[in-house]
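# Examination of the molecular architecture
Chain by chain, the residues run as shown.
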Amino acid sequence: MFILANQMSIAGWPKDEYAYDAVQLGVRPKFLLQARSIAGEVGTTALASDSLANYALIESVRSSHVIPFKLDSFAHRPDTFSKSREKYAVRSIAHEDAQGAGWVFHPNELEGGNPETLSHVFLDAPVGLQLVFQGKTEAVVSFTVSSETLVIRQLQGISTITEMTPAPFARRYGPRGLARLRWSEVLIKAAEQVATSVGITHVAVVSAANNAWESVRSSDSARNTYDYAAQSMGYQIAGDGDWHKSI
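The structure reproduced in this document is the subject of the present report. (Residues numbered from 1 in each chain as written. Predicted model: local features only at pLDDT ≥ 70, side-chain atom pairs only at ≥ 80, totals over all residues. Heavy atoms only, no water.)

## Looking at the overall build of the protein chain
Spelled out, the test is: Under the DSSP-based scheme used, a helix requires at least four consecutive residues in state H or I and a strand at least two consecutive residues in state E, with every element numbered from the N terminus. We call two residues contacting when some pair of their heavy atoms lies within 4.5 Å. Note on areas: these come from Shrake-Rupley sampling with a 1.4 Å probe, and a residue is covered only by the protein chains present in the view.
Counting its secondary structure elements, the protein chain contains eight helices and 12 strands. Residue pairs at least 24 apart in sequence account for 63% of intrachain contacts in the protein chain once pairs closer than 6 positions are excluded. Carbon and sulfur atoms provide 53% of the accessible area of the protein chain, an area that totals close to 12100 Å².

## Here we look at helix H8 (residues 220-232)
How we decide: Take the number of residues in a helix, subtract one, and multiply by 1.5 Å to get its expected span. Relative accessible area decides the class of each residue, using a 1.4 Å probe on protein chains only: under 20% of the type maximum gives buried, over 50% gives exposed, and in between gives partly exposed.
Counted at 1.5 Å a residue, the expected span for H8 with its 13 residues is 18 Å, and the 17 Å between its end C-alpha atoms agrees. Among the residues of H8, Ala 222, Thr 225, Tyr 226, Asp 227, Ala 229 and Ala 230 are the ones counted as buried. Those residues of H8 that are buried are in contact with strand S7 (149-157), helix H6 (183-197), strand S10 (202-205), helix H7 (214-217) and strand S12 (243-246). Following H8 by one or two positions, Gly 234 has its phi on the positive side, about 90°.

## Comments concerning the nonpolar core
Rule in force here: By nonpolar core is meant a set of buried Ala, Val, Leu, Ile, Met, Phe, Trp, Tyr and Cys residues that side-chain atoms within 4.5 Å join together.
Membership of the largest hydrophobic core comes to 44 residues, with the highest contact counts inside it found for Leu 129, Leu 131, Phe 143, Leu 150, Ile 152 and Val 205. Of all elements in the fold, only helix H4 (48-63), strand S1 (88-94), strand S5 (127-133), strand S6 (136-146), S7, H6, S10 and H8 reach the threshold of two or more residues within this core. Considering every element that reaches this core, the biggest residue donor is H6, with eight residues. Counting five residues, the second largest nonpolar core, distinct from the first, contains Val 121, Leu 123, Val 140 and Ile 158.

## Observations concerning the sheet that holds strand S11 (residues 236-237)
Backbone hydrogen bonds hold the strands of a sheet together, and the pairing may be parallel or antiparallel. Inclusion rule: Two strands make a pair as long as DSSP finds a minimum of two bridges between them. To obtain an axis, a line is fitted to C-alpha atoms, over the contacting stretch when the element is a helix, and the angle between two such axes runs from 0 to 180 degrees between their N-to-C directions.
Read across the open sheet, the seven strands follow the order S1-S5-S6-S7-S10-S12-S11; overall the sheet is mixed. Looking along the sheet, the strands with just one partner apiece sit at the ends: S1 and S11. In the sheet, S1 pairs with S5 via seven bridges, with the strands oriented antiparallel. Bridge pairing in S5 places Ile 93 opposite Gly 128. Of the strands in this sheet, S1, S5, S6, S7, S10 and S12 touch H6, which is tilted by about 150° from S7. In the packing of H8 onto the sheet, the strands contacted are S7, S10 and S12, and the crossing angle to S7 comes to about 130°.

## Describing the pattern of salt bridges
Note the following rule: Salt bridge, as applied in this entry: a Lys or Arg side-chain nitrogen positioned within 4 Å of an Asp or Glu carboxyl oxygen.
Following the criterion strictly, the structure yields seven salt bridges and no others. In this structure, Glu 59 engages Arg 62 in a salt bridge whose closest nitrogen and oxygen atoms are separated by 2.8 Å. Taken together, the positions of Glu 59 and Arg 62, both in helix H4 and three residues apart, correspond to about one turn of that helix. Relative accessible area serves as the criterion here: at 28%, Glu 59 is assigned to the partly exposed category. In this structure, Asp 72 engages Arg 85 in a salt bridge whose closest nitrogen and oxygen atoms are separated by 2.5 Å. Residue Asp 72 is located in the loop between H4 and helix H5 (78-81), and its partner Arg 85 is located in the loop between H5 and S1; the two are separated by 13 residues in the primary sequence. Shared partners join several salt bridges into a network, and the residues in it are Lys 189, Glu 192 and Lys 245.

## Let's talk about the environment of Ser 219
Under the convention used in this document: Within 3.5 Å is the distance limit for a polar contact, defined as a pair of N or O atoms, with the added protein rule that one can donate a hydrogen and the other accept it, and that residues adjacent in sequence qualify only through two side-chain atoms.
Here Ser 219 is to be found in the loop between H7 and H8. C-alpha of Ser 219 to C-alpha of Ala 209: the two residues are 10 residues apart in sequence and 9.3 Å apart in space. In terms of polar contacts, Ser 219 uses its side chain to reach the backbone amide nitrogen of Ala 222, at 3.2 Å.

## Focus on unusual backbone geometry
With phi around 50°, Ser 147 is a residue other than glycine that occupies positive phi space. Residue position: Ser 147 is located in the loop between S6 and S7.

## Examining the side chain of Ser 207
Assignment of secondary structure puts Ser 207 in the loop between S10 and H7. Residue classification places Ser 207 among the buried positions, given a relative accessible area of 4%. When sequence neighbours within four positions are dropped, the list of residues in contact with Ser 207 reads Tyr 226, Asp 227, Gly 241, Asp 242 and Trp 243.

## A short note on the packing of aromatic side chains
Filter applied, for reference: Pairing of aromatic side chains here covers Phe, Tyr and the six-membered ring of Trp, requires ring centres within 6.5 Å, and sorts the geometry by plane angle: under 30 degrees stacked, over 60 edge-to-face, intermediate tilted.
The tally for this structure, following the rule as stated, stands at three aromatic pairs. Arranged with centres 6.0 Å apart and planes meeting at 20°, the rings of Phe 69 and Phe 74 form a pair that is stacked. With a relative accessible area of 8%, Phe 74 lands in the buried category. Seen in terms of ring centroids, Tyr 88 and Phe 133 are 4.8 Å apart; in terms of plane orientation they differ by 50°. Their pairing is tilted. Of this pair, Tyr 88 sits in strand S1 while Phe 133 sits in strand S5; the two residues are 45 residues apart in sequence, bridging distant segments of the chain. The buried category is assigned to Tyr 88, whose relative accessible area is 8%. The exposure class assigned to Phe 133 is buried, which follows from its relative accessible area of 5%. Through a chain of ring-to-ring contacts, the aromatic side chains of Phe 81, Tyr 88 and Phe 133 assemble into a single cluster.

Quick look at the structure:
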């Protein structure tokens, strides 16, 4: 399946064609779509083991909708944070059907019983976690596996959330829970927890300077989000310019 996925990534075969091939292989088409997207992310010359590791990571994260996680130690005011603790959660994100460059997190139901509460964010990796406050996504981390390392490619706060009301009205507002937390450290720690759960013992955080997006590379605040946060979590800068840590 992964050999075919690599061929698809190179050739850019239409979705309907490789969905048909998936059926011929006896696998569900969406699994082949995931494999094709992984091939595009980790490179068409990547070892099959990397592709398989990313697929296993997607399935592992998807199986845990809510990630058990203690936030108190990351609060700016731990003494008063207990009043807000129950409003937060760390949840999984796993993309179903990515095509082309990057991974898009489509609008999703984030609050039970309210399918009109949406947030939009472009994911830089196939799978990740979302920091949720009062049922709404406020920040995300996304990652891949490469050479037995969990690589954190994205740490991003959500700038706006759109709450749809009966047409034609809509309400937009910004994150409300991030100010209480060192949120990028929360997401790095949660990613480490995922790595441990799938047997990965090395984690890397892509530095702001090495980020895929020019807007991040030129941002002063991104250095706090990526570099300072990684350093404060015990990561060391390596020869590739990224932050590394054994867990």
